[in-house]
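# Structure at a glance
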Amino acid sequence: MESRYNPAAIEEKWQQAWAELGLDQTSTNTDKPKFYALSMFPYPSGSLHMGHVRNYVITDVIARLKRMQGYRVLHPMGWDAFGLPAENAALDRGIPPAKWTYQNIDQMRQQLQRLGLSIDWKREVTTCSPDYYKWTQWIFLQFLKAGLAYQKEAAVNWDPIDQTVLANEQVDNEGRSWRSGAKVERKLLRQWFLKITDYADYAEELLNDLDKLTGWPERVKLMQANWIGKSVGAYLEFPIVGMEEKIGVYTTRPDTVYGVTYIVLAPEHPLTRRLTTPDHQAAVEAFIQEVSSQSELERTAEDKPKRGIPTGGKVVNPFTEEEIPITIADYVLYEYGTGAVMGVPAHDTRDFQFAKAKQLPITVVIVPTDTAVNEAIALKEAYTEPGIVINSGRFNGMVSTDAKEAIIKYAQSQGFGKARVQYRLRDWLISRQRYWGAPIPVIHCPSCGTVPVPEQDLPVRLPDDITFTGRGPSPLAQLDNWVNVPCPTCGTQAKRETDTMDTFIDSSWYFLRYPDANNDQQVFDSAKTNDWMPVDQYVGGIEHAILHLLYSRFFTKVLRDSGLLNFDEPFQRLLTQGMVQGITYKNPVTGKYIPPAQVNPAEQKDPETGEPLQVFYEKMSKSKYNGVEPQEVLGKYGADTARMFILFKAPPEKDLEWEDADVEGQFRFLNRVWRLVAEFSPQPSVVSNQSSAAKEKDLRRAIHTAIKEVTEDLEGEYQFNTAVSELMKLSNALADAKRKDSPVYTEGIKTLILLLAPFAPHVADELWHKIGHTDSVHTQIWPKLDPAALVADEITLVIQIMGKTRGTIQVPAQADKQALEQYARESEVAQRHIDGKEIKKVIVVPGKLVNFVVG
Ligand SMILES: [Zn+2]
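First things first, this report covers the structure right here in the doc.

Rules of the game
- Residues numbered from 1 in each chain as written.
- Predicted model: local features only at pLDDT ≥ 70, side-chain atom pairs only at ≥ 80, totals over all residues.
- Heavy atoms only, no water.
- Helix = DSSP H or I, 4+ residues; strand = E, 2+ residues; numbered from the N terminus.
- Contact = heavy atoms within 4.5 Å.
- Donors = N, O, S within 2.8 Å, 3.2 Å for Na, K, Ca; no water.
- Pairing = 2+ DSSP bridges.
- Axes fitted to C-alpha atoms, helices over the stretch in contact; angles between N-to-C directions.
- Phe/Tyr/Trp six-rings, centres within 6.5 Å; stacked < 30°, edge-to-face > 60°.
- Lys NZ or Arg CZ within 6 Å of the ring centre and 35° of its normal.

### Section: the side chain of Q151
In this fold, Q151 is placed in strand β5 (residues 149–159). If sequence neighbours within four positions are ignored, Q151 has contacts with R190, Q191, W192, H444, T450 and E497.

### Points about the coordination of the zinc ion
Only C445 (SG), C448 (SG), C487 (SG) and C490 (SG) from the protein reach the zinc ion as donors, at distances of 2.2 to 2.3 Å. In primary-sequence terms, the residues that donate to the zinc ion follow C-x2-C-x38-C-x2-C.

### Comments concerning the environment of E838
In this fold, E838 is placed in the loop between α28 (828–834) and β32 (839–845). It is 8.7 Å that separates the C-alpha atoms of E838 and V853, two residues lying 15 residues apart in sequence. In contact with E838, other than residues within four places in its own chain, are V853, V854 and G855.

### Comments concerning the sheet that holds strand β31 (residues 804–812)
Taken together, 4 strands build an open sheet; the order of strands is β31-β30-β33-β32 and the sheet is mixed. Sheet topology places β31 and β32 at the edges, where each strand pairs with a single neighbour. For this sheet, the mean angle separating the axes of adjacent strands, direction not counted, is 20 degrees. Here strand β30 (residues 794–801) runs beside strand β33 (residues 849–854); their pairing, made up of 4 bridges, is parallel. Paired with I799 across the bridge in β33 is V850.

### A short note on the pairing of strand β12 (residues 322–329)
One ladder, built from 3 bridges, connects strand β10 (residues 262–265) with β12; its direction is parallel. Counted as the bridge partner of I263 is I326 from β12. Bridge count between strand β11 (residues 308–317) and β12: 7 bridges; the pairing is antiparallel. In the sheet register, P310 faces β12, and the bridge partner there is T327. A loop of 4 residues connects β11 with β12, the two strands running antiparallel in sequence, and E321 in this loop sits at a positive phi of about 60 degrees.

### As for the packing of aromatic side chains
By the definition in use, this model includes 35 aromatic pairs. Both rings, one in Y510 and one in Y514, keep their centres 5.6 Å apart while their planes meet at 75 degrees; by these two values the pair is edge-to-face. Members of the aromatic cluster, each reached through a chain of ring pairs, are F143, Y202, W428, F504, Y551, F554 and F555. In this arrangement the basic side chain of R72 is found over the ring face of W532, its NZ or CZ atom lying 4.7 Å from the centre.

Encoded structure:
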């Protein structure tokens, strides 16, 4: 055996061998339990970064462990390949989006393969490929059929110079277009939505089923619950003075309705202009114009002063029958709720500040206790806690929590209100005025209206002959020969929908396709997908905690309701891995980042100005020069070392600080294991006698402690870092062993290689062969724990056959009668002397002997 560990040579050799053996392909042996291990699929940017490496290595260790534990494992990979960067590349470099994307995919697939990931590449899915987006379009049609897809007007980012719609990513922090620099406007366009909120109570189910997800991090579930944002309250109507219409508001605090001193409308509310009095007309018009160019984020930011103006219009508070003013303000959005809110300055912090600034009246209606009634008048800040109701007519003296219910009942009986549950979650706007996405498969006919593209005509393919200018309407709208088609129903000249779908749609169902990835007849065979789903372990970044996971859960529920799936939740267990951070040098005076290569680590000064630098760890990024290229690390140390380092350095859900010294440390560890095996000569012919077995008790305990700890670390909370420490302990115990020619030592070497296999798959397979095996280590059974080996105190048990002592064995001191008999039966001594004869009786004397009566 070579004395030197040469990762490059063995990694290439084994990757090829595994491919030839078909080791990474999904087993279809349904006698085995299934395990679906899934990484969130990447956007094909063209180069793998360390965050990817960490994500996929974690999933791969789990997949490899489960295979060795006897599961059939599905471990696939694909590409979230639609999206804006491909169009930007087309604009900047003149490369067609498809060409750019597929080049990147080829490059990244090669980089992934170098990591030794046990991925079944026969199931690769690519969302921009027509054989995938055909089914994305098919799913859209199912939503349409079920009444879950609809069109309505919604605001988009509009570049007035280039006359084009911009994606949010194309608008900078100051609200300007990335290309023209123009101040972006909001413009209303007819767009497609999916009803995630109000159809069949999906919002409620998405919220309630979070309780089923016991394998998810609590903080992710909390983020989802907050996003869905369920609240229980009242819908109340305020008649407009001098008009027929009423303004509806939703409130979670009906107990404060007697304290309403004004109503706030969204400036874009359809009633705004009509209820504005002539003397306010000009100011209101100017305000509407001003607000229309602001993004939602700008309008609702917590730290920003609330801006609003009066309209001159009034409503009647139906409870007090008093007239109160109507104002408009930027922080109220028409798209959210009813587009109007009631102003209760005494009991809401935001309203209090707004009323103070605008000199609006403040009426206290809840006080902390009975005795506080008289002090309540001089409020210094809003009182937002529950308390005793005052100034509220028939409800005076009630506890405010009870008053909520009583006031809703009263409003209902009087016909101006009712109880209502509301969600913060809004319907999902899926229209994108872009080229590189799945075309929405509908045709607009002047006589039939919106007509779905017949299923047999799918996919609606993206045309290739397109020129990107970055100006004008969406690129697809410019292609007359693509847009103009006959109506599928009546044959009249009609027009294709030119919007494409949000790429979050592509990723909301890809995990359902892997179990049947090459099906060209159906979206998937339900039997296959139901067999593999739900995903047993999903691994990905926390940045997808809300949208991707919520949309995937929504799609699963809708496809379940259409009869395609038989489960409620797509992801059984979720692991959100932490970031990979690199050492970062920053000049605090200039704000510039300095590449580490230019910094003397002993001094840490700016090479140009000599100013002392800030040194810290931060998420790797090109602009901060703190990234480490996976290719460099693989080239220098090999994939196994990179994998070991990433797993060892931090628990998977925590951030990981990249340290070259620790990478070196893992490389040295693999070298030590290599030398242990190089110096080892298996001698299974040497039979251990009693005294040597006693001496090797400690080594055997070390071996089985490693089996126990590594298995528990990998199965429980995935503490890969402590598992690697256990491997190091075992390797040290083997290095320190006095006898290196005993069966226990052989067991130790064998166990170390088996336990190492999921972590460092290439070197493990090489070493497995070096100790005389001809099959792959990855087809072996995971080492089985012998609990007896863990026990420190043993006794010597005498084995007798027909009353005659034939030998002794070591057994755990606390073994009971049944266990003693078992140890004795399985011992080599007993089996040799019984020699197949029938055992007629077994006499066990605990702590002393076992006697077999045979005949
Ligand atoms: Zn028609």
